[in-house]
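# Residue-level structural notes
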Amino acid sequence: MRIFHSSSPEAAAAPSHVQLGYPTELARNRGFAAILGMALAITAVPYGMGSALTSAALYGGGQLSMVVGLLVVVVLDGCVAASLAELASRFPTSSGVYYWSYRLLLPNDKPTGASSSSAAAAPLAYITGWFWLIGNWTIALSVNFGFASLVAATVCIYQPSFSSASAWQLLLIFYALCLLTFIICSLGDSLLPYVDRIAAVWNLLTIVVVLVVVAATARSGRHTAATALGHYDPSFSGWGPGFAFFIGLLPPAYTFCAIGMVTSMAEECEDPETQVPRAMTLCMPLGGVAALVFVLPLCFTLPPQADLLAAPYGQALPYILTRVVGGGGAGAVAVMALVFGVALFCSVSITTTASRCTWAFARDAGIPGSRLWARTAAGQPLPALALVTVVQMLLGLINLGSTSAFTAFVSVGVIGLAVGYLVPIVISLATRRREVATARWRLSPAIGIAVNVVAVLWIVFELVLFSMPQALPVTPASMNYASVVFVGFSVISAGWYCVAGRRNFKGPPEETRIN
C-alpha cells in the first residue's frame, strides 16, 4: 500500500481548514496521540464487544462466528476507514460527510453556487447531513443506554431480584449516565485530550485483566482448541446455518461502526490533513488485535449457549464472568468495574464527537434553531453538547413504551453512520477519485479503487444485516424496525428540506484554492 504524505509535491494543493471556508472557532489542542486515543475510546473493545456478546455467542452460532467474524469485520471496516481517511485528508473539516458529498459533486472549474452538473448537491448534502446527525445522536444513545443496561446486569450479580427492575429504574440509571457525561464534557473540555490518552491505556489494561483473570480461573472449565475456535451451533437463531454466521458479525460491526466519527474533531486537531487519517487507519489493526485478545479467553471458557438466555438485560458479559471467575461474584464485579471505565470513556468521546457534528451542521443552517446550536461558549460548542444530551434523554423515553421500538433507534445509529459513509465514497468513485488524488494522505490509485469498492459492498451488506431480526420466528416484540425508522427519518429530512432547508441551507462555504 503506497501512501503519499505531506512531503509529496502534490500535497501543496491540499487545502487547510481556513481555505475550506470556515473561520477558526475551536482550539487546536489535539495531536495524533489524542485523536488515536479518542478513536480507540470510541471503539471501546471490552464494552463494544462485551455488551453485544449475546448476538455472537447465542444467535451467531458460538465461537466460530466470534473469532472468524471478528477477523472478517476488521478487514472490511479497515477498507471503510481507509476510504474515509482519504476524504478526511482532502477535506479536513468537522462538517464531515455532508461537506465531502457537496464538494465532490461540484466540478473543479465552477465555484460554489454556479450552475453545474450538480443541481442535487445541496439537497443530497442536506439529507446526508441528517443521516450523519441521526447516526451520531443514536449511536451516543446506544452507548449510554447499553452502559445503563450493563450496570443493571452487574447489580444482578449480588441482587438477582433486580433483574425484574422496572423500566423507570433503568431509565433513571440512563439519565444519570447522560448527565454525568455532559458534566465531564462541558466542565473538563480542556482536559479531554489527556483523557483520550488515558482512555487508550484503560482499554488496554481492561483487556489484559480480562485475559489474565479468565485464563487463570476458568471455574466452569475450559474448552479444547477445536471447540473454542470452531464450535458452531446456529439452531438458537432459527436462521439457516449460513445466515446465522452473519448474525455473529453484529458485535464487531457495532464496535467499529463509529470509527468515522473522529473526523468531526478535525478543526481541533493540529495538521488534520495527516493526523486524523493516520489515527483512523491505525485504530483498525490496533483495535482488531485488542478485540482478538479480548475474545479468545472468553471463547475458551464460554458457558453453554442455552445458559446465556438467562443473562439479565440481555448482557452476557457479567453473566459469563460470574460463571467463569466464581468467588461469589466479587471477582466478576471487580472486572466489570474496569469495563464501566471503558464505557464511560466511550460515552465521553462519542458524545464529544456528536456535539461537534451537531455544531458543524448547525453553522451551515442544517437544523432548526441553527443560530443557537452553532454558538460556542468557553471555546466549545456547549449549546450543541446540551442538545445532544437532551435528544438522548428524550429518545430514552421510548423504552418505557416499547423495547423493540427503542432497539430500532439503536440499530438506526449504525445505519445512519453507514449511509453517511456510503454517499461520499460512492460519489468519489463515480468521479474517478478526482479530489482524493490531491489529498496529503491517500492510497495509490489501483489500491484505492479496490479498497473503495470493498467498502461500498460491505456497507450495503451491513445495511441489510442491521435491518434483519436476530432470531426467528419473528414476533412483534422481536421484529427489527430499524428499516422502518430509517425510511421515516429519510422522509422527514427530505420533507424538512422542502419546507425550510431549501431556503436556509445553501451548502458549505466556498473553498479557496491555492494556486
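For the structure, see preceding data.
Let me sum up the structure you'll find in this document. Model, not experiment: these values are computed from the prediction.

Take helix 14 (residues 330-363) next. A turn of α-helix holds 3.6 residues, and therefore any two residues three or four places apart point the same way. For helix 14, spanning 34 residues, the distance from its first C-alpha to its last is 50 Å, which sits close to the expected 50 Å at 1.5 Å a residue. Burial analysis of helix 14 places 27 of its 34 residues in the buried class, which makes it a mostly covered element. Alanine 365 occupies a position one or two residues after helix 14 and carries a positive phi of about 60 degrees.

Our focus in this paragraph is the nonpolar core. Ile139, Met261 and Phe294 are the most contacted members of the largest nonpolar core, which totals 162 residues. Top contributing element to this core by residue count: helix 6 (residues 121-158), with 20 residues. Ignoring sequence-local partners within four residues, the contact set of methionine 261 consists of Ile42, Trp132, Asn136, Ile139, Ile350, Thr353, Ala354, Leu417 and Tyr421.

Before going further, it helps to examine the environment of serine 95. In this fold, serine 95 is placed in the loop between helix 4 (63-90) and helix 5 (97-104). Here the alpha-carbon distance between serine 95 and alanine 266, two residues 171 residues apart in the chain, equals 8.9 Å. With residues up to four places along the chain from it excluded, the contact list for serine 95 reads Tyr22, Glu267, Ala360, Arg363 and Asp364. For serine 95, the side chain forms a polar contact with the side chain of tyrosine 22, separated by 3.1 Å.

Time to look at the packing of aromatic side chains. Inspection of the entire model under this criterion finds 21 aromatic pairs. Taking 6.0 Å as the distance between ring centres and 45 degrees as the angle between the ring planes, the aromatic pair formed by phenylalanine 147 and phenylalanine 340 counts as tilted. Pair noted here: phenylalanine 147 is in helix 6 and phenylalanine 340 is in helix 14, with a separation of 193 residues, a long-range link. Within the aromatic cluster, the residues linked to one another by ring pairs are Tyr98, Tyr126, Trp130, Trp137, Phe361, Tyr497 and Phe505. When the ring centre of tyrosine 22 is taken as reference, the NZ or CZ atom of arginine 363 above it lies at 3.6 Å. We note arginine 363 situated over the ring of tryptophan 359; from NZ or CZ to the ring centre the distance is 4.5 Å.

A word on the pattern of salt bridges. Where charged atoms of side chains with opposite charge meet at close range, the side chains can pair. Considering all chains together, one arrives at eleven salt bridges under this definition. Between arginine 90 and glutamate 435 there is a salt bridge, with the nearest N and O atoms lying 2.8 Å from each other. One end of the pair, arginine 90, is in helix 4; the other, glutamate 435, is in the loop between helix 18 (403-430) and helix 19 (445-465), and 345 residues separate them in sequence. Classification of glutamate 435 as buried rests on a relative accessible area of 3%. Beyond isolated ion pairs, a larger network of salt bridges with shared partners links Arg30, Asp189, Asp196, Glu268 and Arg356.

This part is about the state of the cysteines. Counting across every chain of the model gives zero disulfides. Here cysteine 269 stays unpaired: no disulfide links it, and the sulfur of cysteine 283, its closest cysteine neighbor, is 14 Å away. In this structure cysteine 283 is not part of a disulfide, and its nearest cysteine sulfur, from cysteine 346, lies 11 Å away. Cysteine 283 gets classed as buried once you look at its relative accessible area, which sits at 0%.

With that out of the way, let us pick up a nonpolar patch on the surface. On the surface, Leu204, Val208, Leu211, Val212, Val289 and Val293 cluster together into a nonpolar patch covering about 480 Å² of accessible area. Of all elements in the fold, only helix 8 (192-217) and helix 12 (272-301) reach the threshold of two or more residues within the nonpolar patch. The dominant element in the nonpolar patch, judged by the number of residues it contributes, is helix 8, at four residues. For valine 289, the position within the fold is in helix 12. We classify valine 289 as exposed; its relative accessible area is 53%.

Once that is clear, we can look at unusual backbone geometry. In this chain, leucine 472 is followed by proline 473 through a cis amide linkage whose omega measures 0 degrees. You can see proline 473 is positioned in the loop between helix 19 and helix 20 (482-504). A positive phi is found at aspartate 271, a non-glycine position, where the angle reads about 50 degrees. Relative to the elements of secondary structure, aspartate 271 occurs in the loop between helix 11 (250-256) and helix 12.

To continue, consider the environment of valine 348. Relative to the elements of secondary structure, valine 348 occurs in helix 14. As a C-alpha pair, valine 348 and leucine 58 span 290 residues in sequence and 30 Å in three-dimensional space.

The topology assignment puts threonine 263 in the loop between helix 11 and helix 12. On the basis of relative accessibility, which here comes to 2%, the residue threonine 263 falls in the buried class. Polar contacts involving the side chain of threonine 263 include one to the main-chain carbonyl oxygen of glycine 260, which spans 2.7 Å. Sequence-distant contacts of threonine 263, defined by excluding residues within four places in its chain, comprise Ala88, Thr93, Ser94, Trp100, Trp132, Val276 and Met280.

Calculation notes
Residues numbered from 1 in each chain as written. Predicted model: local features only at pLDDT ≥ 70, side-chain atom pairs only at ≥ 80, totals over all residues. Heavy atoms only, no water. Helix = DSSP H or I, 4+ residues; strand = E, 2+ residues; numbered from the N terminus. Expected span 1.5 Å × (residues − 1). Buried < 20%, exposed > 50% of the residue type's maximum accessible area, 1.4 Å probe, protein only. Core = buried A, V, L, I, M, F, W, Y, C linked by side-chain atoms within 4.5 Å. Contact = heavy atoms within 4.5 Å. Polar contact = N/O pair within 3.5 Å; in protein donor to acceptor, adjacent residues only side chain to side chain. Phe/Tyr/Trp six-rings, centres within 6.5 Å; stacked < 30°, edge-to-face > 60°. Lys NZ or Arg CZ within 6 Å of the ring centre and 35° of its normal. Salt bridge = Lys/Arg side-chain N within 4 Å of Asp/Glu carboxyl O. Disulfide = S-S within 2.5 Å. Patch = residues over 30% accessible without salt bridge, like charges linked within 9 Å, V, L, I, M, F, W, Y side chains within 5 Å. Areas by Shrake-Rupley, 256 points an atom, 1.4 Å probe, with all protein chains shown as cover.

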